[in-house]
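An overview of the molecular structure
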Amino acid sequence: MTALFDQLRTAPRAVLNRLGDDEETRRPLPVSGMLAAVWTLGVGLAVLTTLTLIGWMAAPRGAFGEGLPGVFRAACQLWLAAHHAGFAIPGGRIGLLPLGLTILPGALLYRAGLWMARDADLRLRMPARLPKGTPRDVENARRRAQLVLIAQAGISLAAPYALLAGVIALVARNEVTQPFLGEALVSHFALAFLTGSVATARTIGPWRSMLRLLPERPRSLVAGTAVALMSQLAAAAVLVVVAIVLNFGEIHARSEMLSPGFVGGLLLILLEGLYLLNAVIWGMAYIAGPGFAIGTGTLIAPTGVKLSVVPTLPLLGALPAPGTAPAWLMAVIAVPFAAGAVAGVVMARVAPTPMIEAAPLWGFVCGLSTGAMAGVLAALSGGPLGGARLSAVGPSPWEVALSVTLEVGVAAGISAGLANWWLISRRPVAAPEPVRKAGAAITKAARRVRPHDHGARVLPGHWLDATEADTQPIPVIRDDWPDEHAAAAAETFGRRKDSRRDSRRDGRKDGRKDGRKDARKDARKDDPRTAREDGREHDRKGIVDESDDRGGHVIYMDPYAWDRD
């Protein structure tokens with residue numbers, strides 16, 4: 001199967017390389033979708049034709065028509081039935097089709113969608129993940145582009161697939177059965193689009209990336225709906241298995257009445273297995289309350305059973321006996337409430353909301369979506385099986401949808417509200433997004449700053465908050481401490497006086513006072529720096545040393561400053 005795809009993909013490239021074009025080329029997405037659709041139809045019809053041919057050889061010749069054309073026409077009808085496309089027969093229509101048969105085209109379409117996405121290099125064109133730190137608008141744009149690409153891939157597979165299904169519907173016509181062309185086109189397009197989109201999304205990224213394509217709130221709604229629906233289907237499957245085990249004798253007796261033979265018995269078991277999925281959905285309608293019908297005027301529900309003549313299908317032997325149902329069977333109605341409670345908790349965990357009153361509303365919305373899905377499944381699982389009395393077989397879609405909506409919605413609303421309140425109350429209050437980003441930036445910048453004095457004592461809190469006890473103690477000046485600054489100043493000025501005195505003495509001895517020396521002396525007298533030094537020396541006498549903290553900080557006070565001014 002996969003080898004055939006690889007050969008189809010590599011053949012055009014080999015031809016191009018032989019022509020001298022070494023550049024690898026890829027087919028457009030619509031071309032890949034058309035090839036995938038053709039392959040799916042070919043393989044599916046081959047499988048069904050083989051099974052029909054085995055039945056034609058084991059059963060009477062007239063059951064599948066005359067000769068091999070009749071066998072192929074019956075295989076085409078089975079292929080249409082696998083997509084839930086109904087048929088018109090004299091006196092009525094056939095709409096009760098086995099949902100288990102849908103697994104065959106669904107699996108083939110999924111494999112074809114994977115091949116189509118790989119052949120068109122969709123994973124390289126639109127990778128699933130972006131680097132960390134990507135802006136939010138860029139992520140939203142990428143998400144929208146991914147959704148558009150997935151939709152394009154689904155349409156590229158579904159459009160040619162539906163057109164080919166129309167051709168098959170025309171071929172499958174005979175004097176007894178007339179397929180509905182509109183149902184064939186719609187059902188083939190819907191199934192191919194759904195499976196092709198899922199396969200393309202799976203090619204772009206893993207299953208978790210598929211959920212990340214949705215925003216947070218729709219993602220929680222999808223998760224809650226899936227949990228509620230799967231919980232009910234699981235409980236319904238257990239109910240069906242228990243009913244088959246308890247009524248296995250009746251089922252075996254009905255099979256003996258048909259006397260199909262060995263090959264016919266195998267085909268009958270296969271047919272009953274394909275209808276098991278329908279039975280599970282009927283079980284879900286049973287535990288929801290409305291129940292289901294086997295013909296007009298009949299009802300199988302937890303409140304009671306009303307039956308008439310039942311078709312001889314062996315699987316229907318598992319139905320309960322007519323009459324009032326035991327009171328303990330009403331306990332099965334608690335299953336949808338339990339499923340809704342679990343779904344509400346899941347929604348609150350996926351997307352908790354700070355608005356306490358919003359969580360119950362979203363829980364009820366989960367009930368609405370679950371009810372809608374349950375109604376769709378009920379409509380697909382039932383349908384007419386001819387005319388007259390068997391024109392209504394299976395559950396009522398609107399009754400199932402209404403019941404599941406109320407049961408799941410109420411339970412999910414209550415559980416979502418309680419779970420959301422619990423999560424919000426236990427979660428620390430987080431700062432808004434701008435404040436959190438600003439704080440992170442400030443912290444990152446502060447880590448880069450290195451203090452120059454590693455031994456300095458860091459005061460707690462802001463410097464304005466420091467108390468008197470946190471500051472450095474001010475030393476006390478004692479009288480017995482020597483004044484180092486005064487001694488240093490006296491030594492400095494004393495040296496200057498001695499040098500001047502020596503120079504004057506040498507000048508008198510030599511007696512050489514020429515014009516140049518007098519000019520130098522006059523210039524020195526006129527120099528403002530010399531005048532400033534002399535003035536400072538004179539002013540030092542009136543300066544009082546007020547305080548000395550032994551740290552190099554000396555405060556002087558001139559009491560005669562006002563007189564000079």
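Residues numbered from 1 in each chain as written. Predicted model: local features only at pLDDT ≥ 70, side-chain atom pairs only at ≥ 80, totals over all residues. Heavy atoms only, no water.

Side note on the overall build of the protein
Stated precisely, the cut-off is as follows: Under the scheme used here, helices are H or I runs from DSSP no shorter than 4 residues and strands are E runs no shorter than 2 residues, and both carry numbers assigned from the N terminus. Any two residues whose heavy atoms approach within 4.5 Å are treated as being in contact. Only the protein chains shown count as cover for residues, and all accessible areas are computed by the Shrake-Rupley method using a 1.4 Å probe.
A tally of regular secondary structure across the protein gives 20 helices and eleven strands. Of the contacts formed within the protein by residues at least 6 apart in sequence, a portion of 73% connects residues at least 24 apart. Taken as a whole, the protein presents about 33900 Å² of accessible surface, with 65% of it coming from carbon and sulfur.

So, the packing of helix α14 (residues 358–381) against helix α15 (residues 397–426)
Heads up, the condition is: A fitted line through C-alpha atoms represents every axis, and for helices the fit uses only the stretch in contact; the resulting angles, taken between N-to-C directions, go from 0 to 180 degrees. Here roughly perpendicular refers to angles of 65 to 115 degrees, roughly parallel to angles under 35, roughly antiparallel to angles over 145, and oblique to all remaining angles. By the definition used in this description, the sense in which the near helix is turned from the far one sets the handedness, with an anticlockwise turn below a right angle giving left-handed and a clockwise turn giving right-handed. Polarity classes work like this: nonpolar for Ala, Val, Leu, Ile, Met, Phe, Trp, Tyr, Cys and Pro, charged for Asp, Glu, Lys and Arg, and polar for all others, with Gly in that last group.
Where α14 meets α15, the axes come as close as 6 Å, and the angle between the chain directions of the two elements is 155 degrees. The pairing of α14 with α15 is recorded here as roughly antiparallel in orientation. Seen along the crossing, α14 lies across α15 with a hand that is right-handed. Taken together, the residues of the contact of α14 with α15 break down into 15 nonpolar, ten polar and no charged.

As for empty space enclosed by the protein
Worth spelling out the cut-off: For cavity detection a 1 Å grid was placed over the protein atoms alone, and a set of points counts as a cavity when a 1.4 Å probe fits there but cannot get out; an open set counts as a pocket when protein lies on both sides within 12 Å along at least five of seven lines, with lining residues being those that have an atom within 4 Å of a point. Grid points are joined across faces, edges and corners, and a volume is the space filled by probe spheres set on the points.
Taken as a whole and judged by the stated rule, the model has three cavities of 30 Å³ or more. If you go around the largest cavity, the residues you meet are Arg 217, Gly 344, Met 347, Ala 348, Ala 351, Thr 353, Ala 359, Trp 362, Ala 416 and Asn 420. Of all elements in the fold, only α13 (334–350), α14 and α15 reach the threshold of two or more residues within the lining of the largest cavity. Looking at the lining of the largest cavity element by element, the count peaks at three residues for α13.

Structural notes on the sheet that holds strand β7 (residues 323–324)
The following threshold applies: Whether two strands pair comes down to DSSP finding at least two bridges between them.
On the basis of which strands lie adjacent, the open sheet formed by three strands has the order β5-β6-β7 and antiparallel pairing. Each edge of the open sheet is held by one strand with a lone partner, namely β5 (299–301) and β7. Examined bridge by bridge, β5 and strand β6 (residues 304–306) share three bridges and lie antiparallel to one another. Along β6, the bridge assignment pairs Ala 301 with Gly 304.

With respect to helix α11 (residues 261–274)
Put simply, the rule is: Given a helix with a known number of residues, its expected span is that number minus one, times 1.5 Å.
A rise of 1.5 Å per residue sets the reference length of α11, with its 14 residues, at 20 Å; its end C-alpha atoms lie 19 Å apart and thus fit the reference within 8%. Along its buried surface, α11 packs onto α10 (248–258) and α12 (276–288).

Section: the sheet that holds strand β3 (residues 178–179)
Sheet architecture is open: four strands sit in the order β3-β1-β2-β8, paired in antiparallel fashion. Looking at which strands have only one partner, the edges of the open sheet turn out to be β3 and β8 (385–386). In this structure, strand β1 (residues 87–89) lies alongside strand β2 (residues 92–94), joined through three bridges in antiparallel fashion. Residue pairing in the sheet places Ala 88 in a bridge with Arg 93 of β2.

Some details on the pattern of salt bridges
As a reminder, the rule being used: Between Lys or Arg on one side and Asp or Glu on the other, a salt bridge is scored when a side-chain nitrogen of the former is within 4 Å of a carboxyl oxygen of the latter.
This structure, assessed with the given rule, holds three salt bridges. Note that Asp 119 and Arg 27 form a salt bridge whose closest N and O atoms lie 3.1 Å from each other. Of this pair, Asp 119 sits in helix α4 (residues 103–119) while Arg 27 sits in the loop between α1 (2–18) and α2 (29–58); the two residues are 92 residues apart in sequence, bridging distant segments of the chain. Between Glu 250 and Arg 254 there is a salt bridge, with the nearest N and O atoms lying 3.6 Å from each other.

Notes on the confidence of the model for the protein
Definition in use: Per residue, pLDDT captures the predictor's confidence, and it can take any value from 0 to 100.
Per-residue confidence for the protein averages 76 on the pLDDT scale, and 66% of its residues sit at or above 70. Across the protein, α12 holds the top mean pLDDT of 93, while α1 sits lowest at 46. Note on residues 536–546: pLDDT is under 50 here. Beyond four places in sequence and across chains, it has 22 contacts.

Things to note about the nonpolar core
The cut-off we apply is this: Working definition of a nonpolar core: buried Ala, Val, Leu, Ile, Met, Phe, Trp, Tyr and Cys residues. They are joined through side-chain atoms within 4.5 Å. Relative accessibility under 20% of the residue-type maximum defines a buried residue, over 50% an exposed one, and the middle range a partly exposed one, all with a 1.4 Å probe and only protein chains included.
Formed by 40 residues in total, the largest nonpolar core has its most connected members in Trp 79, Leu 80, Met 116, Leu 122, Tyr 161 and Ile 168. Contributions of two or more residues to this core are made by α2, α3 (67–82), α4, α6 (136–171) and α7 (181–204). Per element, the largest residue contribution to this core is eight residues, and it comes from α6. Core analysis: the next-biggest nonpolar cluster, separate from the first, contains 21 residues, Val 240, Ala 279, Ile 294 and Leu 329 among them.

What about the environment of Leu 147?
Tracing the chain through its elements places Leu 147 in helix α6. Separated by 54 residues in sequence, Leu 147 and Ala 201 have C-alpha atoms that sit 8.6 Å apart.

So, the side chain of Ser 156
Its place among the elements puts Ser 156 in helix α6. Judged by relative accessible area, Ser 156 falls into the buried class, the value being 12%. Aside from chain neighbours lying at most four places away, what touches Ser 156 is Leu 29, Pro 30, Gly 33, Met 34 and Met 116.

Side note on a nonpolar patch on the surface
This is how the line gets drawn: To count toward a patch, a residue needs a relative accessible area above 30% and no salt bridge. Like charges then connect within 9 Å, nonpolar side chains (Val, Leu, Ile, Met, Phe, Trp, Tyr) within 5 Å.
Taken together, the side chains of Val 47, Leu 51, Leu 53, Ile 54, Met 57, Leu 68, Phe 262, Val 263, Leu 266, Ile 269 and Leu 270 present a nonpolar region at the surface, about 1000 Å² in accessible area. For the nonpolar patch, the secondary-structure elements that each account for two or more residues are α2 and α11. Structurally, the position occupied by Val 263 is in helix α11. For Val 263, a relative accessible area of 31% translates into the label partly exposed.

Re the packing of helix α9 (residues 216–246) against α13
The N-to-C vectors of α9 and α13 enclose an angle of 155 degrees; their axes lie 8 Å apart at closest approach. Classified by the angle between their axes, α9 and α13 sit roughly antiparallel to one another. Every pair of crossing elements has a handedness; the one defined by α9 and α13 is right-handed. Residue-level inspection shows Glu 216, Arg 217, Arg 219, Ser 220, Leu 221, Ala 223, Gly 224, Val 227, Ala 228, Ser 231, Gln 232 and Ala 235 of α9 in contact with α13, the latter providing Val 335, Pro 336, Ala 339, Val 342, Ala 343, Val 346, Met 347 and Val 350. Counted by class, the contact of α9 with α13 contains 13 nonpolar, four polar and three charged residues.

Let's talk about the environment of Gly 344
Tracing the chain through its elements places Gly 344 in helix α13. Here Gly 344 falls in the buried class, since its relative accessible area comes to 0%. In the structure, Gly 344 is positioned 73 residues away from Gly 417 in sequence and 7.9 Å away in space, judged by C-alpha atoms. Leave out the neighbours within four places in its chain, and Gly 344 touches Ala 412, Ser 415 and Ala 416.

Things to note about the environment of Arg 202
Assignment of secondary structure puts Arg 202 in helix α7. Look at Arg 202 and you get partly exposed, because its relative accessible area is 30%. The spatial distance from the C-alpha of Arg 202 to the C-alpha of Ile 150 is 9.9 Å, given a sequence separation of 52 residues.

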